[in-house]
Amino acid sequence: MLFTCAPHCSDPAHHHDTSADAAASHRPESYQPRAAAATKGKTGARASVAPGAKKVVKDRGGKFKVVDIHCHYLNPVVNQKTSHLNAAHYDPTVIFANQLTRETNVRQMRDRTPKLTGIEERIRDMDRMGVDIQAVCPAPYHYFYFTEPDEGASLAREVNEGIASLVAGHPDRFVGLGSVPLQNAELAVQELEYAVKKLGLRGVEINTNVNGLNLTDPKLGLEKFFAKADELGIVVFMHPLGFTHADRLTNHYFNNVIGNPLDTTIAVSHLIFDGVVARHPKIKFIAAHGGGFIAHYWARMDHAWGARPDCRTVIKRKPSSYLEKFYFDTITFDPLMLRHLIDRYGADHVLLGTDYPYDMGEEDPRGLIAAVKKLPLAQRRQIEGLNAMRLLKIKT
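All figures in this text were calculated on a predicted structure; none of them were measured in a lab. (Residues numbered from 1 in each chain as written. Predicted model: local features only at pLDDT ≥ 70, side-chain atom pairs only at ≥ 80, totals over all residues. Heavy atoms only, no water.)

With 15 residues, helix α10 (residues 259-273) ought to run about 21 Å at 1.5 Å a step, and its terminal C-alpha atoms sit 21 Å apart, in line with that. Taken across its 15 residues, α10 has 12 buried, putting it largely inside the fold. For α10, the set of buried residues is G259, N260, P261, D263, T264, T265, A267, V268, S269, L271, I272 and F273. With its phi angle positive at about 85 degrees, G275 sits one or two positions after the end of α10. (Helix = DSSP H or I, 4+ residues; strand = E, 2+ residues; numbered from the N terminus. Expected span 1.5 Å × (residues − 1). Buried < 20%, exposed > 50% of the residue type's maximum accessible area, 1.4 Å probe, protein only.)

Bringing the sheet that holds strand β8 (residues 350-351) into the picture now. On the basis of which strands lie adjacent, the open sheet formed by 5 strands has the order β4-β5-β6-β7-β8 and parallel pairing. In this open sheet, the two strands that pair with only one neighbour each are β4 (203-206) and β8. Inspection of the sheet shows strand β6 (residues 284-287) paired to strand β7 (residues 327-329) by 2 bridges, in the parallel sense. Each residue of the ladder has a partner; that of I286, found in β7, is Y327. (Pairing = 2+ DSSP bridges.)

Attention now moves to the sheet that holds strand β3 (residues 174-176). The 3 strands are arranged β1-β2-β3 in an open sheet whose pairing can be described as parallel. Pairing within the sheet leaves two strands with one partner each, and these edge strands are β1 (67-73) and β3. Pairwise comparison of adjacent strand axes, ignoring direction, gives a mean angle of 35 degrees for this sheet. In the packing of helix α17 (residues 377-392) onto the sheet, the strands contacted are β1, β2 (133-138) and β3, and the crossing angle to β1 comes to about 70 degrees. (Axes fitted to C-alpha atoms, helices over the stretch in contact; angles between N-to-C directions. Contact = heavy atoms within 4.5 Å.)

Within the element layout of this structure, D150 appears in helix α6 (residues 149-169). A relative accessible area of 60% means that D150 is categorised as exposed. For the pair D150 and N184, spaced 34 residues apart in sequence, the C-alpha separation works out to 8.7 Å.

As paired strands, strand β5 (residues 235-238) and β6 are joined by 4 bridges and run parallel to one another. In the sheet register, F237 faces β6, and the bridge partner there is I286.

Here we come to the environment of R279. Within the secondary structure layout, R279 lies in helix α11 (residues 276-279). It is 8.3 Å that separates the C-alpha atoms of R279 and A227, two residues lying 52 residues apart in sequence. Sequence-distant contacts of R279, defined by excluding residues within four places in its chain, comprise E223, D274 and V314.

Across the interface, α6 lies against helix α7 (residues 185-198) with an axial gap of 10 Å and an inter-helix angle of 15 degrees. Our classification of the angle between α6 and α7 gives roughly parallel. Between α6 and α7 lies a crossing of right-handed hand. Judged by residue contacts, P149, D150, A153, A156, R157, N160 and E161 of α6 engage L187, E191, Y194 and A195 from α7. (Parallel < 35°, antiparallel > 145°, perpendicular 65-115°, else oblique. Left-handed = near helix turned anticlockwise from the far one by under 90°.)

This paragraph deals with the pattern of salt bridges. On inspection of all chains with the given rule, the structure shows 17 salt bridges. One salt bridge in this structure joins R110 and D111, with 3.3 Å as the shortest N-O distance. A relative accessible area of 57% places R110 in the exposed class. With a shortest N-O distance of 3.0 Å, R279 and E223 are connected by a salt bridge. Note that R279 is positioned in helix α11 and E223 in helix α8 (residues 223-232), a separation of 56 residues in sequence. By relative accessible area, R279 is classed as partly exposed at 40%. Sharing partners across several salt bridges, the network here consists of K115, E121, D125 and R128. (Salt bridge = Lys/Arg side-chain N within 4 Å of Asp/Glu carboxyl O.)

So this is what it looks like as structure tokens:
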């Protein structure tokens, strides 16, 4: 069975104008973000497109490709093999969820299975969204950090080989990001080398904690993992799976809505304040969901660093100078917030993402980017694909 805890799913069933130079796109008529509606005329609106209009962008010539940096694949063979592990028992998105949330997740997983585990519907959805290439990473339920190290390493290997097989079958549409068993640093290093050097994956996806421990917790000893990632100069895509101490977040799907960006904020903060980013500058860290809360509220940590000695025990420069080295996907759901990311960190540090195929994903990623008013075409193309092509070493 698929895990009943799956928290998100999306169905991009509407059609868009996906030409490279389209000035705007649209969302379903029912979608009216409060902030965007309140600032209409200031931030840019999404123009409507004639029903049924679409263009399969994989046929576009030239060197520019639209790349989705944030999308998931659930390996059905691994999923069936691990059904006895009762993964939901270790999953914060299940533990801290009320009955309605659990029922909704079960229903969504039932409806979205073909998108999450298959290829044909995925490619049709990519074509409708105007996406040339997906950087496919594992569904977060396939981290398997809760298992014994040897079993976790074996499962990570199967997950990675499954993604490599998917990429090999459609090399013009997919590149892969793998998984590593972070519950054991030595095995994580071994699997990272195998995934990158043998399977040709372009990096790895990691959770924002390991069984409730911070990524910099000495008990994990992950410094050697980060050192290897730095040596390889790869992408490390940080994707949360809820917040691990979420007793107050059980209603209203809050352990996703609040918990995901909160756990990302904690993880990124530790990587900065504990010196990982300073020591390993060649890692291309990508923080999912628009960087969580920290990307938009960085000044408080800068103030603390200047005001208190306990915030200056490791790093020598203000924290935001290290945050500026991170990359962020576009999953902000609002042109104003996306504009803020671009203005604060630069168009070269923002990448198109959808969180496909979950319902907390962005159904019209190019429309969102186009809705950022007065965004130059050169910057739009950076965000839509050129940045990802550079980080993931995608060649045309």
